[in-house]
Amino acid sequence: MPPDNLTKIFFMFGLLVTFVKPVTVSFANFSKTVTIPQNKISTQTVSFDLPSAKKSSQTVCDLLNSQNWWGLYQVSSTEVKQSFTQEEFINSFGTSDIKSCQIKTDPFYLSNVWTKTEIEVSYNNSSSKLYYLALKNEEGNWKMFGTEAR
Amino acid sequence: MIFKKIFYARKINSFVLGLVLGCLIVGVYSTARAYMTGQKTLGASVVRTGSLDLKVTPETKLFDFSGLVPGETTGEEKITLENTGDVALEYRISAQPATADDNNDLLKALKVKTNEYAKDGTLLVTHYGRSTKYLSDLTNSAVTEIIPAGEKRDLGIELSLSSTVGNEIAGKSTNFNFVIDAVQQGGSF
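Residues numbered from 1 in each chain as written. Chains lettered and ligands numbered in written order. Predicted model: local features only at pLDDT ≥ 70, side-chain atom pairs only at ≥ 80, totals over all residues. Heavy atoms only, no water.

Enquirer: How would you explain the nonpolar core if you had to name every residue and give the values?
Expert: Counting residues in each nonpolar core, the largest one holds 34 residues, and the members touching the most others are B:Ile79, B:Leu81, B:Tyr91, B:Leu135, B:Ile157, B:Phe178 and B:Ile180. Residue contacts for B:Tyr91: discarding those within four places in its chain leaves B:Leu81, B:Ala142, B:Val143, B:Glu145, B:Ile147, B:Leu155, B:Ile180, B:Asp181, B:Ala182 and B:Phe189. Grouped together as the second largest cluster of nonpolar side chains are 26 residues, A:Ala53, A:Tyr73, A:Cys101 and A:Tyr131 included. (Core = buried A, V, L, I, M, F, W, Y, C linked by side-chain atoms within 4.5 Å. Buried < 20%, exposed > 50% of the residue type's maximum accessible area, 1.4 Å probe, protein only. Contact = heavy atoms within 4.5 Å.)

Written as structure tokens, this is what we have:
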């Protein structure tokens, strides 16, 4: 390319730099922000009073009535916790159809370690069933060992 | 070599000359304009902008739940959003801890599910139905439904506590706010 042509190109480029400005695209629109404050969630404490078999039976029934499967896991014996993780336990009860629980008898003391109580479990389909609720004494606390249909 | 230097110097001079000339043209054009003008006043004209406004119910305390346990849900609470402006709007929702102290293990363990409802109250769509979203991660979550001017829509929110959490979150509480950002339909947030 001849030098004169290059000079013209540089001259034109100078003009272009002067006239052509960068284009900025911006969006503007109406907007509004609303806040819903003061929402609060709190969790239950891990405090279950299980000093006697009678009290523990009532606690188990209360937990069934409130469908508190996590609480039921907390009051379960070591054997139950070794067989099920908390998640498995909660999920298995989560699909159950239990509506309510009622204690039918005082505990029968089989030994210093074992007792059983009769409970009645009602279901959402209006049926009900009697169970023996077995409790095991672990370090002074009567824990839920399991249930057995009568 | 000398020729090359002269050649490049000449190119640079041409560039500078072009730049100076351009500036001069712009300066003269913008300072020395004169027009024949006339003025006529027409009757009062009104240009009114559209307005975007939103009324949210409840205004506070959508959730006030105590004694939540792992695996349990709060049940669904509904926010009613009423478009009180005169342009259609779309919105998104976020959850934010009320204070730094409230950004605790409990907030991070709460799972959230949202339900969008149509004008007639029928369920349109569920977001995070498999409970894969934590409340602490609910940031600028877009809502599909657009609310036309003058209409209402419900947004249901349900919180639950993961069944896998341990006793470390027992007895804890968290305070948080929901923030709703609305823009005109097609606008950018």
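Enquirer: I'd like a rundown of the side chain of B:Asp181, residues and numbers included.
Expert: Checked against the element boundaries, B:Asp181 lands in strand β10 (residues 173-184). Residue classification places B:Asp181 among the buried residues on the basis of a relative accessible area of 16%. One polar contact links B:Asp181 to A:Thr33, side chain to side chain, over a distance of 2.7 Å. (Helix = DSSP H or I, 4+ residues; strand = E, 2+ residues; numbered from the N terminus. Polar contact = N/O pair within 3.5 Å; in protein donor to acceptor, adjacent residues only side chain to side chain.)

Enquirer: I'd love a proper account of the pattern of salt bridges, names of residues and values included.
Expert: Pairs can form between side chains of opposite charge once their charged atoms are near each other. Enumeration according to the criterion identifies twelve salt bridges over all chains in this entry. A:Asp106 is the partner of A:Lys54 in a salt bridge, and the nearest nitrogen-oxygen pair spans 3.7 Å. Residue A:Lys54 is located in helix α2 (residues 53-65), and its partner A:Asp106 is located in the loop between β2 (98-103) and β3 (108-109); the two are separated by 52 residues in the primary sequence. The exposure class assigned to A:Lys54 is exposed, which follows from its relative accessible area of 51%. Where B:Arg92 meets B:Asp181, a salt bridge forms, and the shortest distance between an N and an O atom there is 3.8 Å. Separated by 89 residues along the polypeptide, B:Arg92 in strand β4 (residues 89-97) and B:Asp181 in strand β10 bring together distant segments of the chain. One salt-bridge network, in which partners are shared between bridges, spans B:Lys119, B:Glu145, B:Glu151 and B:Arg153. (Salt bridge = Lys/Arg side-chain N within 4 Å of Asp/Glu carboxyl O.)

Enquirer: Residue-level account of the sheet that holds strand β8 (residues 141-142) of chain B, with values.
Expert: Spatially, the five strands line up as an open sheet ordered β2(B)-β1(A)-β10(B)-β4(B)-β8(B), and their pairing is mixed. Strands with a single pairing partner mark the edges of an open sheet, and in this sheet they are β2 (64-68) and β8 of chain B. Summarising the sheet, strand β1 (residues 31-43) of chain A and β2(B) pair through three bridges and their orientation is parallel. When the sheet's bridge partners are listed, A:Ile41 is paired in β2(B) with B:Phe65. (Pairing = 2+ DSSP bridges.)

Enquirer: Residue-level account of the pairing of β10(B), with values.
Expert: The buried fraction of β10(B) amounts to nine of the twelve residues, a majority that puts the element mostly inside the structure. The pairing of β1(A) with β10(B) spans ten bridges and is antiparallel. In the sheet register, A:Ile36 faces β10(B), and the bridge partner there is B:Phe178. Pairing between β4(B) and β10(B): nine bridges, direction antiparallel. Paired with B:Ile93 across the two strands is B:Ile180, which belongs to β10(B).

Enquirer: An account of the packing of aromatic side chains is needed here, citing residue identities and associated values.
Expert: Here a ring pair, both rings aromatic, is described through the centre-centre distance and the interplanar angle of the planes. All names here are of chain A. Within this structure, the stated rule accounts for ten aromatic pairs over all chains. On the basis of an interplanar angle of 55° and a centroid distance of 5.2 Å, the ring pair of Tyr73 and Phe89 is categorised as tilted. Linking Tyr73 in helix α3 (residues 69-74) with Phe89 in helix α5 (residues 86-94), this pair joins segments that are 16 residues apart in sequence. Residue Tyr73 shares its accessibility class with Phe89, and that shared class is buried. (Phe/Tyr/Trp six-rings, centres within 6.5 Å; stacked < 30°, edge-to-face > 60°.)

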